[in-house]
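A look at the structure
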Amino acid sequence: MAPIPAPDVVVCDGGTGFASAVRRAWPRTRVQRCLFHAFSQVRRYTTTRPRLQAGRELYVLALELMHLETLRQADWWVERYLQWCEFWADLLEDVSVVDGRRRLAHERLRKARSPLSRLVSRGTPFTHPDPALTAEGPLPRTNDPIEGGVNAQLRDVLRNHRGLSPMRRVKAVFWWCHTRTEGPRPARELLRSMPTDADIDFLYRTYSASPKRDDGGPEWGDRVVWEELHHKDPYPFWLD
């Protein structure tokens, strides 16, 4: 992230690694938490049809997150959320005994509450309606444009062309990105400048074998940690 000029606002999906990187590389950048990911974290534990009244109310509050337009609406949402926490405090502290061990009776409901409490304490869901940042137009409240518009399309390319070697997968991604640039060159010109197998292999071997930087900066292949953004479990605790 260091080579990229610090933006005024960054929209993120809640990965802890990215949050710490923002604080270090872009200390003055405001953070907007992706509200769809925040809602999805709650839905994971409450489901779309919660059994308890407390769960139904929390699900509705989480759903309303994606429809906040102004700071006044955001303040009103926070007030209602805190009222929910206070009203259901005793229920959330209920304890049951299972196999002779005491355990919380509504652990899933508590887990659904936790991400919302963290968001409220950090204030990150309510950056997008800040008038100081919206003078030139509205801000995005989710990272769906990059997830659905780019990442999902790249995954579809690789999914629809299963069986490609790793090198050809890299080239397929290069080609897809180039064809969607503002002024793509003709295929004949592109083929002359497209990295060859030897070029890609040379770059990878060069940077992966280089000594570690003394300042602890990122090396080839470690600017993004795949496991922080994609999981085999479709519903990991900290990400949808």
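These notes cover the structure that comes with them. Going along each chain's sequence as written, the residues are numbered from 1 onward. Note on the predicted model: pLDDT of at least 70 is required for a residue's local features to be given, and 80 or more for side-chain atom pairs to be given and counted; whole-chain, interface and lining totals, by contrast, use all residues. Think of the side-chain values as coming from all heavy atoms in the structure, minus any hydrogens and water.

Some points on the overall build of the protein chain
- Secondary structure elements follow DSSP: runs of H or I no shorter than four residues count as helices, runs of E no shorter than two count as strands, and numbering proceeds from the N terminus. Scanning the protein chain for helices and strands turns up 11 helices and four strands.
- Between two residues, a contact is recorded if the distance between any of their heavy atoms is within 4.5 Å. For the protein chain, the proportion of contacts with a sequence separation of at least 24, taken over those separated by at least 6, is 53%.
- Throughout, the Shrake-Rupley method with a 1.4 Å probe supplies accessible areas, and for residues the shown protein chains are the sole cover considered. Carbon together with sulfur atoms contributes 55% to the accessible area of the protein chain, which is approximately 16,300 Å² in total.

Some points on the environment of Met 167
- Of note, Met 167 is situated in helix α8 (residues 166–179).
- Measuring from C-alpha to C-alpha, the distance between Met 167 and Asp 201 comes to 8.4 Å, with 34 residues separating the pair along the chain.
- Beyond its immediate chain neighbours, meaning those up to four positions away, Met 167 contacts Asp 197, Ile 200 and Asp 201.

Notes on the packing of helix α3 (residues 53–64) against helix α4 (residues 71–87)
- Look at α3 against α4: their axes get within 11 Å of each other, and the N-to-C directions meet at 165°. Between α3 and α4, the interaxial angle falls into the category roughly antiparallel. Here α3 and α4 pass one another in a crossing that is left-handed. For the pair formed by α3 and α4, the contact residues are Ala 54, Glu 57, Leu 58, Leu 61 and Glu 64 on the first element and Trp 77, Arg 80, Tyr 81 and Trp 84 on the second.
- Looking at the contact of α3 with α4, its residues break down into six nonpolar, no polar and three charged. Lines fitted to C-alpha atoms define the axes here, with helix axes fitted over just the stretch in contact, and angles between the N-to-C directions of these axes take values from 0 to 180 degrees. The cut-offs work like this: below 35 degrees is roughly parallel, past 145 is roughly antiparallel, 65 to 115 is roughly perpendicular, and the gaps in between are oblique. For any helix crossing, the convention is left-handed if the near helix is rotated counterclockwise from the far helix by under a right angle, and right-handed if that rotation is clockwise. Residues are grouped as follows: Ala, Val, Leu, Ile, Met, Phe, Trp, Tyr, Cys and Pro are nonpolar; Asp, Glu, Lys and Arg are charged; every other residue, Gly included, is polar.

Here we look at the packing of aromatic side chains
- What counts as a ring pair is set by centres within 6.5 Å for rings of Phe, Tyr and Trp (its six-membered ring), and what kind of pair is set by the plane angle: stacked under 30 degrees, edge-to-face over 60, tilted for all other angles. Enumeration over the complete set of coordinates arrives at six aromatic pairs.
- Where Phe 36 meets Phe 39, the ring centres are 6.4 Å apart and the plane angle is 50°; that geometry is what we call tilted. Remark: Phe 39 and Phe 36 occur in helix α2 (residues 35–46); sequence separation between them is three residues, near one turn of the helix.
- Looking at Phe 36, the relative accessible area reads 28%, which means it is partly exposed. Throughout this description, buried means an accessible area under 20% of the type-specific maximum (1.4 Å probe, protein chains only), exposed means over 50%, and partly exposed covers the range between.

As for α3
- Each residue after the first adds 1.5 Å to the expected span of a helix. Relative to the 16 Å expected for 12 residues at 1.5 Å per residue, α3 spans 17 Å between its end C-alpha atoms, a close match to the ideal helical length.
- Three or more residues of α3 are buried, namely Ala 54, Gly 55, Leu 58, Tyr 59, Leu 61 and Ala 62. Buried residues along α3 cover an arc of 160° about the axis, so they all sit on one side.
- Along its buried surface, α3 packs onto α2, α4, α5 (89–92) and α6 (107–122). For this quantity, the arc is that covered by the directions from the helix axis to the C-beta atoms.

Remarks on the nonpolar core
- Counting 25 residues, the largest nonpolar core has Leu 58, Leu 65, Trp 77, Tyr 81, Trp 84, Leu 116 and Phe 126 as its most contacted members.
- Taken together, the elements giving at least two residues each to this core come down to α2, α3, α4 and α6.
- Among the elements that make up this core, the one with the highest residue count is α4 (six residues). Residues enter a nonpolar core if they are buried and are Ala, Val, Leu, Ile, Met, Phe, Trp, Tyr or Cys, with the set joined through side-chain atoms within 4.5 Å.

Points about unusual backbone geometry
- Unusually for a residue other than glycine, Thr 47 sits at a positive phi of about 65°.
- Among the structural elements, Thr 47 can be located in the loop between α2 and α3.

Quick notes on the environment of Arg 44
- With respect to the secondary-structure elements, Arg 44 resides in helix α2.
- Of note is the side chain of Arg 44, whose polar atom sits 2.8 Å from the side chain of Tyr 45. Here a polar contact means two N or O atoms within 3.5 Å. Within protein one must be a hydrogen donor candidate and the other an acceptor candidate, and residues neighboring in sequence count only if both atoms are side-chain atoms.

What about the packing of α2 against α3?
- Packing of α2 against α3 leaves a shortest axis separation of 9 Å and a crossing angle of 160°. Considering the angle they form, α2 stands roughly antiparallel to α3. Helix-helix and strand crossings are classified by hand; for α2 and α3 the assignment is left-handed. Facing Phe 39, Val 42, Arg 43 and Thr 46 of α2, the residues of α3 in contact are Gly 55, Leu 58, Tyr 59, Ala 62 and Leu 63.
- Across the contact of α2 with α3, the residue classes break down as six nonpolar, two polar and one charged.

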